[in-house]
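Chain by chain, the residues run as shown.
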Amino acid sequence: MNNQPSQPTAAEAVARLRTAFRTGRTRPLAWRTEQLTGLCALLTGHRDEIADALHADLGKPRTEADRAEIDSTVREIDHTARHLEQWLLPDPVPASSLTRLPPGTTAHTRYDPLGTVLVIAPWNYPVQLALVPMAGALAAGNTVLVKPSELAPASSALLARLLPRYVDPAAVTVLEGGRETATALLAERFDHVFYTGNADVGRVVMRAAAAHLTPVTLELGGKSPVFVDRDVDPEVVAARVARAKFSNAGQTCVAPDYLLADPATARALEGALARAVEDLYGPDPARSAEYGRIVNERHFDRVVALLDSGRTVFGGRHDRADRYIAPTVLAEVKPDAPVMREEIFGPVLPILDVAGLDEAIALINDREHPLALYAFTDNGDTRRRLAEETSSGGLNFGLPVAHLSIPELPFGGVGESGSGRYHGRWSIDTFSHRRACLDVPLG
Ligand code: NAD
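Below you will find a few notes about this structure. (Residues numbered from 1 in each chain as written. Predicted model: local features only at pLDDT ≥ 70, side-chain atom pairs only at ≥ 80, totals over all residues. Heavy atoms only, no water.)

A short note on helix H6 (residues 153-166)
Under the 1.5 Å per step criterion, the end-to-end length of H6 is 20 Å for 14 residues, consistent within 8% with the ideal 20 Å. If you look at H6, its biggest bend is around 25°, right at alanine 160, and the proline proline 164 turns up within four residues after that. Turning to H6, its buried residues number three or more, namely Ser155, Ser156, Leu158, Leu159, Leu162 and Leu163. Its buried side turned inward, H6 meets helix H2 (29-45), helix H3 (47-58), helix H5 (128-139) and strand S5 (172-174). (Helix = DSSP H or I, 4+ residues; strand = E, 2+ residues; numbered from the N terminus. Expected span 1.5 Å × (residues − 1). Bend = angle between axes of the 7 residues up to and from the residue. Buried < 20%, exposed > 50% of the residue type's maximum accessible area, 1.4 Å probe, protein only. Contact = heavy atoms within 4.5 Å.)

Comments concerning the pattern of salt bridges
One pass over the full model with this rule turns up 30 salt bridges. Notably, a salt bridge pairs aspartate 112 with arginine 435, separated by 2.6 Å at the nearest N-O pair. Residue aspartate 112 is found in strand S2 (residues 106-113), and its partner arginine 435 is found in strand S18 (residues 432-439); the two are separated by 323 residues along the sequence. Aspartate 112 gets classed as buried once you look at its relative accessible area, which sits at 7%. Put simply, aspartate 262 and arginine 230 hold a salt bridge, and the shortest N to O gap is 3.5 Å. Highlighted residues: aspartate 262 in the loop between strand S9 (256-261) and helix H10 (263-281) and arginine 230 in the loop between strand S8 (224-228) and helix H9 (234-246), separated in sequence by 32 residues. The class for aspartate 262 is buried, based on a relative accessible area of 10%. (Salt bridge = Lys/Arg side-chain N within 4 Å of Asp/Glu carboxyl O.)

Some words on H2
Side chains three or four residues apart in an α-helix point the same way, a direct result of the helix having 3.6 residues per turn. Here H2 is 17 residues long and its end C-alpha atoms lie 24 Å apart, about the 24 Å a rise of 1.5 Å per residue gives. For H2, the set of buried residues is Trp31, Arg32, Gln35, Leu36, Gly38, Leu39, Cys40, Leu42 and Leu43. Looking at the buried side of H2, the elements it contacts are H3, helix H4 (62-87), S2, H5 and H6.

Thoughts on the environment of arginine 435
Arginine 435 sits in the partly exposed class, given a relative accessible area of 42%. Counting along the chain gives 322 residues from arginine 435 to proline 113, while the straight-line C-alpha distance between them is 9.9 Å. In contact with arginine 435, not counting residues within four places along its chain, are His108, Thr109, Arg110 and Asp112.

Quick word on the nonpolar core
Counting residues in each nonpolar core, the largest one holds 108 residues, and the members touching the most others are Leu39, Met134, Leu163, Val228, Leu259, Leu260 and Leu273. Ranked by residues supplied to this core, first place goes to H5 with 9 residues. Both domains that meet at this core, namely domain 1 (10-220 + 413-439) and domain 2 (225-405), each give it at least three residues. In terms of nonpolar packing, the next biggest core, distinct from the first, is built from 19 residues, Ala10, Ile120, Val205 and Leu220 among them. (Core = buried A, V, L, I, M, F, W, Y, C linked by side-chain atoms within 4.5 Å. Domains from an automatic or database assignment.)

A short note on the site of the ligand
Taken together, the neighbourhood of the ligand is formed by 28 residues, with Ser149, Glu150, Asn198, Leu220 and Glu343 sitting nearest. At 2.9 Å from an oxygen atom of the ligand is found a side-chain nitrogen or oxygen belonging to lysine 147. Take glutamate 343: an N or O atom from its side chain is 2.6 Å from an oxygen atom of the ligand. Surface burial for the ligand is 93%, taken as the share of its 850 Å² of free accessible area covered by protein chains. In this structure the site holding the ligand corresponds to the largest pocket. Mapped by element, the contributors of at least two residues to the shell around the ligand are helix H7 (179-187), strand S6 (192-196) and helix H8 (199-210). No other element matches H7, which puts 3 residues into the shell around the ligand. Across the shell around the ligand, the residue classes break down as 17 nonpolar, 6 polar and 5 charged. Inspection of the shell around the ligand shows a minimum of three residues originating in each of domain 1 (10-220 + 413-439) and domain 2 (225-405). (Near = heavy atom within 4 Å. Polar contact = N/O pair within 3.5 Å; in protein donor to acceptor, adjacent residues only side chain to side chain. Areas by Shrake-Rupley, 256 points an atom, 1.4 Å probe, with all protein chains shown as cover. 1 Å grid on protein atoms, 1.4 Å probe; cavity = no way out; pocket = protein on both sides within 12 Å on 5 of 7 lines; lining within 4 Å. Sits in = over half its atoms within 2 Å of the grid points. Nonpolar A, V, L, I, M, F, W, Y, C, P; charged D, E, K, R; others polar.)

Thoughts on the side chain of glutamate 76
Tracing the backbone shows glutamate 76 in helix H4. Buried charge without a partner: glutamate 76 forms no salt bridge, and the closest opposite charge is arginine 75, 8.3 Å away. From its side chain, glutamate 76 meets the backbone nitrogen of glycine 424 in a polar contact 2.7 Å long. Those residues in contact with glutamate 76, other than ones at most four positions away along the chain, are Val132, Pro407, His423 and Gly424. (Lys, Arg positive; Asp, Glu negative; His and termini not counted.)

These figures come from the coordinates and say nothing about function on their own.
Structure follows, in C-alpha cells:
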C-alpha cells in the first residue's frame, strides 16, 4: 500500500522511466507487441486471482469480472496488437502544388511516442481502466507510470505484484497509494497525463499538468440519459437498460443515469423493469451471485440519501454492513429532485415523465454534456434531432454501454464529461505526437 518501503518515490520512479525511454527500448514494434502480449497473458493466466481481488474490492460477481474486466480488456488489447503495425505506418500527404516546392518533394506524418505517461485509474473497473490506457500508451511506444485507485486496494496490490512479471519492468512502474501519491506524481513532469475519475479531481489534474504544459486526457462521468419513445417494446428496453444500469451495482461511468419517457410509456416501463430485474437477479438480489456491492460506506451513504427522490416502484432495501443497495426504480421524479442533481453512480434509476421529444431535449440540454446519450426509438426524425440538437461523449441507439466494446469507436467525454478519447487506434493518437515531416530534394 501507500508507504510500502519497496516503492520508489514519485521523482525516482519518473526519472527511471525517463531514462528507459531515452534508451530507445520502447520504440521497436516487437517490443510494443511483446508488452501487449504480456498484458493479455497476465489477464488470462491470473483469471481467478483477478476475480478474487475484484470480489474483495467491490463484491464484483464472477461473470462481471470475466466479461467487463478480463475478456473485454483482452479483446481490446488483442485488437491493438493485431493492427498496430499498420496503424504506425507513416501517412503520406500530397506535397501541395500551392507551395511551389521542387519536384520530388514528399510529405508525410508519423507517430512519435511522447515519452513518459502517467495513468491515474479509478476503482470501479480497476483492472480494465488501468490496463486499457496503459496498453495504448505502451503500444504508442511510451514508458508508463500507473497509479491504481486506493479504493480498490486488492486490485491495486495485485496489479503492482503481477505487472512487473508480464511487462518490461524498466518501462512500466506501478505506484500504489491515494491522494498523497497522486499529488506527488502530478508535481512531476510527464509527457501526458491520462486521468479517469470524477470531474473535481479532473480539475486538480488539469491544473497540475498546466504547470508543465503537459497535455491531459480526462475520462470523467456525468448523468447519461435514456430517452424512450412511445412506439418501442417496453420489455426490450427494460431488459437492456436493467443490465446496463445494475451491473457493478450501478457504478459504471456510462451506466444509464435516468429515463425520460411520456407518462404512458413510463408506466409501462415500471412493470417491465421489475420483470427485467427479477430475470437478472431473482426475487432477492441480496442473495444473487450476479449482483455487486457499493465500494465503500461513503458512497453507500451518498446513494442511500438519494432514495427518497420519487415514488419507489421497487427496491429501496439497503444494508450498510453488507454495503448492499437493492436495484431501485423511482418514478415520477422531478427534474430538481436530489437524485437529479449529481451523477448517481449506484443502483437507483429515476424515471422522469416528459411530454415528448422537445421536453426531453430541453431537459438534456439544461444539464452538462453527458458521457453517453441513449435512446430507444424507431423514428428517423427523432434520431436525427437527438444527434443534431444535443451533445454527449457517445450517442447510442438501442443498447446502452455497448459502444464501449467497439475498439474502432473513440471512447471519451465532452465538456464536463471529459476531454480526449481512447480505445483502439484512438489510443495511438492520444499517446503519440503526430509529427509533420517534409522531404525536399537537395538537387
Ligand atoms: P477514485 O476515487 O478512485 O479517483 C480516481 C483516481 O483519482 C484515483 O486513482 C485517486 O487516487 C485519484 N485521486 C483522488 N483524489 C485525487 C487528488 N486530489 N489529486 C489527484 N488524484 C486524486 O474514483 P472516482 O473519481 O470516485 O470515480 C468515479 C467517477 O469516475 C465517476 O464520476 C465516474 O463516472 C468516473 N468514471 C469515468 C470513467 C470514464 O471512462 N469516463 C470510467 C470510470 C469512472
